Amino acid sequence: METIQNSTSALLAVKGCQLIEPIMYGVTSLLLLGSIAVQGVFGRPEPSRARRDGALLQRAVNDFIATEEQVALQKLICSIGSGGCNAPGVASGLVIASPSRTDPNYWYTWTRDSALTLKAIVERFAHKYDSSLQTQIANYIIAQAKLQTVSNPAGSLSDGSGLGEAKYEVDGSAYTGGWGRPQRDGPALRAIAMMEYSKWLVANGYTSTATTLVWPIIRNDLAYVAQYWNQTGFDLWEEVNGSSFWTVAAQHRALVEGSAVAKLLGSTCSACDAIAPQILCFQQTFWSPSGGYMLANINVNNGRSAKDANVILSSIQNFDPSLGCDAATFQPCSDRALASHKILVDSFRSIYNVNVGLPANAAIGVGRYPEDVYYNGNPWYLNTLAAAEQLYDALYVWQTKRSITVTSTSLAFFKALVPSVTAGTYASTSSTYTSIYNAVFLYADGFVDKVSQYAFSNGSLSEQYDRNSGVPISARDLTWSYASFLTAVARRAGVVPAGWANPAATSVPGSCAATSKVGTYSTVAVTGFPAGQTAKPTSTTSSTFSTPTLTVTRPTPSPCSATAVAVAFTVRKVTNIGQTVKIVGSVDKLGNWDTGKAIALSASSYTSSNPIWTGTVSLSSGQVVQYKYIVVNSDGSVVWEADPNRSYSAPLCAASATESDTWQ
């Protein structure tokens, strides 16, 4: 079986930690041809003054990683009960999302967040044996076996429906409040995390432990995936009820890997084999040929663009180096994944003040989706790190394949970094390969540098950082933020996870079928793990990395004088004589939801073939609003369009903008 891989020389060597005055870094490049030299300056603000006056504390990405990696690991462990420093009273093995109990209250254990945390721990443990991490893994598995049996508002274990519950109280009891249910990614992600540990157990001679203690829990989760995959549910942000690319991609991986692990343990998973190809087939329908990016959600009508960080997160969670740049499984270096990366990142360039004025090819803060209004919509640490991790994954594959392929689909991504590039395949001996490789590496490092720039000075990572000031906000010490940091820097160091795919994993059926398999579920009682299951001596697979040693330049934003934006709203709506379409929303300029103060739109461009109503509203630069369209009849009665509310973020540094909608 494949094991964690590590390069003999990391993607970029880590230096010792230094706190220094502003200097210029200069080092010899292993890739650069000739005598090209680039210098950069790093600035890192104090925690409460992300944009303080005067010179900022300087720190290179290497130095940030050297200190932050241990902070992130410690903080992550602090979130695990019962001994975690931030988890007093939390049941053993349960992972809290954050110690924050008010504004917002994240004092719960989410199946998704916990599984992603455990996966990061298992990857680190498999790379280098650590008995303390093994204890955390065992405690997690014991706790999840108990959670599977807890009846909750989503259902129970008898028919598997209860496995779709999103979160639980920190003592392991059901959360019975209102919430977005079900969330169908949790069982798949939990199975993936436990299968990673099962493979380690088998590789080190402990097959019986994997078979008797871990596999029965995994089997319940795989049965859930095979039974419920073709039913809608809430996305990873717990807001959209539909079909989520994130969920579907995780479900496909879980069943493919489930079949392989079953065989490894001398068993079978017939449902895995039957359903996985159909999920992969369905997964292809998320691609938008006209938009040139992967849609985050389908089977919904929420007024969003479907540009969402969930696609970047999906790419890195399903990374398998053996699959190369396969597009069907959305591997990080595939043309579809790189095209989606560019379009998603670019969608945040003009709406966050911390990004405004930076060059079009500079790394920036990355949020969830451009229409986000949660805490006013901000960059998230985990999404900014995910943008870096996808590129580190791509670099790993390019280096091992010794070539980079640029297609018409991914060309815009590459041209933003290397303007002279054209479609084609470039061998590692070519100057174009060198230019692309260096540019992508520095672009990836730029995202890590953003996290360095806006993190607390003690290394703490919250959920978000403010779109205007860069100050950390929302939940403090978000566990997922720390897990994201650890996996991103591991990829940067050339440490990649064991593969999960088989040759059939990328084979898309000629036609899709929404078939499912009703599963059987059983209560699993796990009270402990055998002692002394240490790692046996093994050699690691290694490959040599050529590393660009250019430093990252933190660009200086250009000045912006625009304070207001004239937004031209257009909506397609067929109306009758005597009817008027208006727009009303959450701010004064839109009437504060008072239909009597709604803004009337004009039908001057209305035709039978193009029934549009238009109107211009002046919004503040960067202002985020919610709104809806209404029809006012001749008798004064009002008809509202359907839920949900629409959202819009006015651009920064722009005098005008347009927004086109269709009545919902």
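What comes next concerns the included structure. The structure displayed is predicted, hence computed values, not measured ones.

Cut-offs and rules
Along each chain, numbering runs from 1 in the same order as the chain's sequence is written. Per-residue local features of the predicted model are confined to residues with pLDDT of at least 70, and side-chain atom pairs are confined, for both listing and counting, to 80 or more; whole-chain, interface and lining totals are unaffected and use all residues. In computing side-chain values, all of the structure's heavy atoms are included and hydrogens and water are not. A pair of strands is treated as paired once DSSP finds two or more bridges between them. Counting from the N terminus, the helices are the DSSP runs of H or I reaching at least four residues and the strands are the DSSP runs of E reaching at least two. Convention adopted: a line fitted to C-alpha atoms gives each axis, helices being fitted over their contacting stretch, and angles between N-to-C directions are expressed from 0 to 180 degrees. Throughout this description, the term nonpolar core refers to a set of buried Ala, Val, Leu, Ile, Met, Phe, Trp, Tyr and Cys residues connected via side-chain atoms within 4.5 Å. Think of it in three bands: residues with accessible area under 20% of the maximum for their type are buried, residues over 50% are exposed, and the middle band is partly exposed, with areas taken using a 1.4 Å probe on protein chains only. In what follows, residue pairs with any heavy atoms lying within 4.5 Å of each other are defined as contacts. Aromatic pairs are defined between Phe, Tyr and Trp rings, using the six-membered ring for Trp, whenever the two ring centres lie within 6.5 Å; interplanar angles under 30 degrees are classed as stacked, those over 60 as edge-to-face, and all others as tilted. By definition here, charges over rings are those cases where NZ of Lys or CZ of Arg is within 6 Å of the ring centre and within 35 degrees of the ring normal. Here a helix's expected span is defined as the number of its residues, less one, multiplied by 1.5 Å. Here, a disulfide means two cysteine sulfur atoms that sit within 2.5 Å of each other.

1. Brief notes about the sheet that holds strand E12 (residues 564–572)
- Sheet architecture is open: three strands sit in the order E15-E12-E19, paired in mixed fashion. Of all the strands in the sheet, just strand E15 (612–620) and strand E19 (656–662) have a single pairing partner and so form its edges. Between one strand axis and the next, the sheet turns by 20° as a mean value, whatever way the strands run.
- Relative to E15, E12 runs antiparallel, the two being bridged by nine bridges. Each residue of the ladder has a partner; that of Val567, found in E15, is Val617.

2. Quick word on the nonpolar core
- With 151 residues, the main nonpolar core has Leu222 and Trp398 as its most contacted residues.
- With 13 residues, the single largest contributor to this core is helix H10 (residues 381–401).
- When sequence neighbours within four positions are dropped, the list of residues in contact with Leu222 reads Ala191, Met195, Trp215, Ala254, Leu255, Gly258, Cys269 and Cys272.
- In this structure, Val565, Val567, Trp613 and Ala657 belong to the second largest nonpolar core, which totals 20 residues.

3. Focus: the packing of aromatic side chains
- One pass over the structure, following the stated rule, counts 34 aromatic pairs.
- Note on Phe64 and Phe485: the rings are 5.7 Å apart at their centroids and 80° apart in plane angle, and the pair reads as edge-to-face. In this pair, Phe64 is assigned in helix H1 (residues 61–78) and Phe485 in helix H13 (residues 479–492), connecting sequence segments 421 residues apart.
- For Phe64, a relative accessible area of 1% gives the class buried.
- Assessed through its relative accessible area of 0%, Phe485 is described here as buried.
- Centroid distance Phe569 to Tyr648: 5.7 Å. Interplanar angle 70°. Geometry classified as edge-to-face. Taken together, the residues span a long stretch of sequence, with Phe569 in strand E12 and Tyr648 in strand E18 (residues 646–649) at a distance of 79 residues. The two residues Phe569 and Tyr648 agree in class, both being buried.
- Feature note: the residues Tyr106, Tyr108, Trp110, Tyr175 and Trp179 constitute an aromatic cluster, connected by ring pairs.
- The positively charged end of Lys167 is found above the aromatic ring belonging to Tyr175, 4.3 Å away from the centroid.

4. A word on H10
- Under the 1.5 Å per step criterion, the end-to-end length of H10 is 31 Å for 21 residues, consistent within 8% with the ideal 30 Å.
- Once H10 ends, the next one or two residues include Arg402, with phi positive near 60°.

5. Some words on the state of the cysteines
- Across all of its chains, the model carries four disulfides by this definition.
- The residue that forms a disulfide with Cys78 is Cys85, at a sulfur-sulfur distance of 1.8 Å. The disulfide joining Cys78 to Cys85 has a torsion of about 105° about its S-S bond and is therefore right-handed.
- Shown here is the disulfide that connects Cys269 with Cys272, its sulfur atoms set 2.0 Å apart. Here the disulfide of Cys269 and Cys272 is right-handed, its torsion about the S-S bond being about 65°. Judged on exposure class, the residue Cys269 and its partner Cys272 are both buried.

Nothing here speaks to function; it is geometry throughout.
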